[in-house]
Amino acid sequence: MSDPTPYTHGYGAAVLGSHRARTAENSAAHLLPHLRPGQRLLDVGSGAGTITADLARIVGPEHVVALEVGEESAALTRAELERQGLGEVDVRVGDAQAMPFEDDAFDVVHAHQVLQHLPAPVQALAEMRRVTRPGGLVAVRDSDYEGFRWWPETPAFDRWLALYLRATRANGGTPDAGRRLLAWAHEAGFTEVTPTSSTWLHATPESRAAWAATWSGRITTAPLADQLEREGWADAAEREEIAEAFRAWAQDPDGWFVLLHGEILARA
């Protein structure tokens, strides 16, 4: 099965280096108090697999199914789970907007930074609701790129954001998904929804370096760089200027970059 829609970020080293730093604690804290051993859990868009691994250790790997859109991304999940000794997790390939599962199959469905990339996010939420048993829980977290803020003011970052928003929207995504989650959940038929928000802050030397590394890499390598070049939106020289701006920002002791995320817990 090939990926049905373009994934703006791709699966290069710059992306995976960032995604592998994600844990259940730093990315799914809104869900953790509700998890118990033995729950049947579906992780939609498991990606690098690190969050999946943490969730599997809580509920039991034999109770977890991970869903990825294509074989390339599913292989990444499998490799990480095997590395962590959690090979019992069942990794499947399928579309979050038309899931290959029966009704009421899971107690918990989790998705982190997934809906922003889908052309039909409400349909995906409706599918999550369908495959969750009555009284079960759907937990979703997505970024709101237009809510990101940084210091010092950097024109190159303004340009970076404009380019990213244009690229991801051209690929059918919704980069301000975080602010829309509550409305989307209601549209998908959920009536009991708890909304929250949280942030990631890059303001230490280590976190600035990591954030600069991921975006200086993403803006200068495929697939984002190829898309920007192909569409005539930013040539190689401009992309390198943006990458250098990230690297210079990372060295600034006053550097600050905060990422806004929306979250929902929705009862099926």
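In this report, the structure presented in the accompanying data block is examined. In this convention, every chain numbers its residues from 1, walking through the sequence in written order. Local features in a predicted model are, by the rule used here, given only for residues with pLDDT of at least 70; side-chain atom pairs are given and counted only at 80 or more, and totals for whole chains, interfaces and linings are based on all residues. Side-chain measures were taken over the full set of non-hydrogen atoms in the model, leaving aside hydrogen atoms and water.

Notes on unusual backbone geometry
Using the following cut-off: A run of H or I in DSSP becomes a helix once it reaches four residues, and a run of E becomes a strand once it reaches two; helices and strands are each numbered from the N terminus. Each residue is assigned to one of three classes by its accessible area relative to the maximum for its type, calculated with a 1.4 Å probe on protein chains only: buried under 20%, partly exposed between the two thresholds, exposed over 50%.
Each neighbour pair has its own omega, and for Trp151 with Pro152 the value is -5 degrees, a cis peptide bond. Despite not being glycine, Asp104 has its phi angle at roughly 60 degrees, a positive value. Relative to the assigned elements, Asp104 resides in the loop between β3 (90–93) and β4 (106–112). Owing to a relative accessible area of 39%, Asp104 belongs among the partly exposed residues under this scheme. Positive phi outside glycine occurs at Gln113, with the angle close to 55 degrees. By the secondary structure assignment, Gln113 is in the loop between β4 and α5 (121–131). Relative accessible area serves as the criterion here: at 9%, Gln113 is assigned to the buried category.

Some points on the environment of Leu125
By the element assignment, Leu125 lies in helix α5. Overall, Leu125 belongs to the buried group, its relative accessible area being 0%. In this structure, the C-alpha to C-alpha distance between Leu125 and Leu115, residues 10 residues apart in sequence, is 8.4 Å.

Some remarks on the packing of aromatic side chains
Condition: Aromatic pairing here means that ring centres of Phe, Tyr or Trp (its six-membered ring) are within 6.5 Å. Orientation follows from the plane angle: under 30 degrees is stacked, over 60 is edge-to-face, and everything else is tilted. Only when the NZ atom of a Lys or the CZ atom of an Arg is both within 6 Å of the ring centre and within 35 degrees of the ring normal do we say a charge sits over the ring.
Counted according to the given criterion, the structure contains 18 aromatic pairs. Relative to Phe157, the ring of Trp150 lies with its centre 5.7 Å away and its plane at 80 degrees, an arrangement referred to as edge-to-face. Comparing Trp150 with Phe157, the two get one shared label, buried. Relative to Trp249, the ring of Phe157 has its centre 6.0 Å away and its plane inclined at 65 degrees; by these criteria the two rings are edge-to-face. One end of the pair, Phe157, is in helix α6 (residues 155–170); the other, Trp249, is in helix α10 (residues 236–250), with 92 residues separating them in the sequence. Each member of the pair, Phe157 together with Trp249, is buried. Clustering of aromatic rings is evident, with ring pairs tying together Tyr145, Phe148, Trp150, Phe157, Trp160, Tyr164, Trp211, Trp215, Phe246, Trp249 and Phe257. Here Arg218 stacks its cationic end above the ring of Trp215, 4.7 Å away from the centre of that ring.

Digging into the pairing of β3
Selection rule: For two strands to be treated as a pair, DSSP must find no fewer than two bridges joining them. A crossover counts as right-handed when, viewed with the strands pointing away from the observer, the path leading from the first strand over the helix to the second turns clockwise.
For strand β2 (residues 64–68) and β3, the ladder comprises 4 bridges, and the chain directions are parallel. Counted as the bridge partner of Leu67 is Arg92 from β3. As a crossover connection, the stretch from β2 through helix α4 (residues 71–83) into β3 is right-handed.

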